[in-house]
Amino acid sequence: MTKWNNKTRYAVVMVLCVVLNMVLSEVSGNLHLPVWLDVTGTALAALLLEPTAGLIVGLANNFFLAIFLTGTSSLFYYCISAAVALIVGLMIREPNGGKIRRNRVLPAIALVLIVSTLLSTVLTLLLSGGVSTSTWEVHYMDIAAAWGLPQALSCLFGVFVIKFYDTLATAALVAVLYRVSPHSFKYPPAEA
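Residues numbered from 1 in each chain as written. Predicted model: local features only at pLDDT ≥ 70, side-chain atom pairs only at ≥ 80, totals over all residues. Heavy atoms only, no water.

Colleague: Before we go on, may I ask you to explain the overall build of the chain in this structure?
Modeller: Along the chain, the regular secondary structure elements total eight helices and zero strands. Walking the chain from its N terminus toward its C terminus, one meets helices and strands in the order α-α-α-α-α-α-α-α. In terms of overall dimensions, the chain is globule-like: its C-alpha atoms have a radius of gyration of 17 Å, near the 16 Å expected for 192 residues. Reported as C-alpha extents along the three principal axes, the dimensions of the chain are approximately 60 × 40 × 25 Å. Across the chain, contacts joining residues at least 24 apart in sequence account for 63% of those joining residues at least 6 apart. Only carbon and sulfur atoms are counted for the fraction: they give 71% of the accessible area of the chain, which is about 10,200 Å². Treating the 11 positive side-chain charges of the chain as one cloud and the 8 negative ones as another, the clouds have centres 16 Å apart. (Helix = DSSP H or I, 4+ residues; strand = E, 2+ residues; numbered from the N terminus. Rg over C-alpha atoms; globule rule 2.2 N^0.38 Å. Contact = heavy atoms within 4.5 Å. Areas by Shrake-Rupley, 256 points an atom, 1.4 Å probe, with all protein chains shown as cover. Lys, Arg positive; Asp, Glu negative; His and termini not counted. Charge placed at Lys NZ, Arg CZ, Asp CG, Glu CD.)

Colleague: Could you clarify how one ought to interpret unusual backbone geometry in this entry?
Modeller: Leave glycine aside and you will find that most residues have negative phi; peptide bonds, for their part, are mostly trans. Of note, the phi angle at H32 is positive, near 55 degrees, even though the residue is not glycine. With respect to the helices and strands, the residue H32 is situated in the loop between helix 1 (6-30) and helix 2 (40-48).

Colleague: Looking at this structure, I do not really get the packing of aromatic side chains. What am I missing?
Modeller: Think of a pair of aromatic rings as described by two things: how far the centres are apart, and how the planes are tilted against each other in angle. Applying the stated rule across the entire model yields six aromatic pairs. For the ring pair F64 and F68, a centre distance of 4.9 Å and an interplane angle of 40 degrees mean the geometry is tilted. Residue F64 and its partner F68 are both found in helix 3 (residues 51-68); the two are separated by four residues, about one turn of the helix. On the basis of relative accessibility, which here comes to 58%, the residue F68 falls in the exposed class. Ring geometry for F160 against F164: centres 6.2 Å apart, planes inclined by 35 degrees, an arrangement best described as tilted. Here F160 and its partner F164 are both found in helix 8 (residues 151-180), four residues apart, which amounts to about one turn of the helix. Ring pairs connect the aromatic residues W136, Y140, F160, F164 and Y165, which therefore count as one cluster. The side chain of K186 reaches across the aromatic face of Y178, ending 4.4 Å from its centre. (Phe/Tyr/Trp six-rings, centres within 6.5 Å; stacked < 30°, edge-to-face > 60°. Buried < 20%, exposed > 50% of the residue type's maximum accessible area, 1.4 Å probe, protein only. Lys NZ or Arg CZ within 6 Å of the ring centre and 35° of its normal.)

Colleague: Help me understand the layout of surface pockets in this model?
Modeller: Rolled over the atoms, a probe sized like a water molecule indicates the empty space that remains. Empty space within the largest pocket amounts to approximately 1,000 Å³. Residue lining of the largest pocket: 37 residues in total, with W36, D38, T70, T133 and S134 positioned closest to the centre. Mapped by element, the contributors of at least two residues to the lining of the largest pocket are helix 1, helix 3, helix 4 (73-76), helix 5 (78-91), helix 6 (105-128), helix 7 (135-146) and helix 8. Residue composition of the lining of the largest pocket, grouped by class: 16 nonpolar, 17 polar and four charged. Its volume calculated, the second largest pocket comes out at about 590 Å³. In terms of lining, the second largest pocket is formed by 26 residues, of which the most central are L47, I92, V105, V174 and A175. Mapped onto the lining of the second largest pocket, the elements with two or more residues apiece are helix 2, helix 5, helix 6 and helix 8. (1 Å grid on protein atoms, 1.4 Å probe; cavity = no way out; pocket = protein on both sides within 12 Å on 5 of 7 lines; lining within 4 Å. Points joined across faces, edges and corners; volume = space filled by probe spheres on them. Nonpolar A, V, L, I, M, F, W, Y, C, P; charged D, E, K, R; others polar.)

Colleague: Could you clarify how one ought to interpret the packing of helix 5 against helix 6 in this entry?
Modeller: In a pair of packed helices, the angle between the axes and the distance between the axes together describe the arrangement. At a minimum axis distance of 9 Å, the contact between helix 5 and helix 6 shows a crossing angle of 165 degrees. One way to sum up the angle between helix 5 and helix 6 is to call them roughly antiparallel. For helix 5 against helix 6, the interelement crossing comes out right-handed. Judged by residue contacts, C79, I80, A83, V84, I87, V88 and M91 of helix 5 engage P107, A108, L111, V112, V115, S116, L119, S120 and L123 from helix 6. Class assignment of the residues belonging to the contact of helix 5 with helix 6 gives a composition of 14 nonpolar, two polar and no charged. (Axes fitted to C-alpha atoms, helices over the stretch in contact; angles between N-to-C directions. Parallel < 35°, antiparallel > 145°, perpendicular 65-115°, else oblique. Left-handed = near helix turned anticlockwise from the far one by under 90°.)

Colleague: It is not clear to me how a nonpolar patch on the surface should be interpreted in this structure. Could you clarify?
Modeller: A contiguous nonpolar surface patch, about 500 Å² in accessible area, is contributed by V15, V19, V23, V27, L31 and L33. For V19, a relative accessible area of 43% translates into the label partly exposed. (Patch = residues over 30% accessible without salt bridge, like charges linked within 9 Å, V, L, I, M, F, W, Y side chains within 5 Å. Salt bridge = Lys/Arg side-chain N within 4 Å of Asp/Glu carboxyl O.)

What follows is the structure, given as structure tokens:
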């Protein structure tokens, strides 16, 4: 295989990661799964290339959603994609595209879960008064409300449960996709 120039490699990986985000999100929604999977490509781009690539993939995905599917609220949820890109790209990979730091994978997963849960809860409370559009989140919110928790805590609980499933599923997919990705996609670039 000939050596790709860096711009071509970045463009190809980032386009594939945007498509991955959209496809997984659509499949998840159509199958009514209790996960979003909409940051899988974002995390993969941050891992394969660098955090900036993940930031761009997440922005492209949220921008596309805002224009064509869900409306402007998707732009607010970009902060979750950005957080995932930064956490994965900065915690798991050594600086300057070095080796994967396996001892940081579980802390990164935990941090993604905590940060994405908090951000998503705050956005859900601010943008819709704590009323989710996710059937699964509503299910868990209703369980928490039946326990007597106030709206904000019910929202936090519902979001947390779905983010727990989503974070684990996304981490598993990213691990598999990273493993099977061609060496030419990974940073640093493969030598010819």
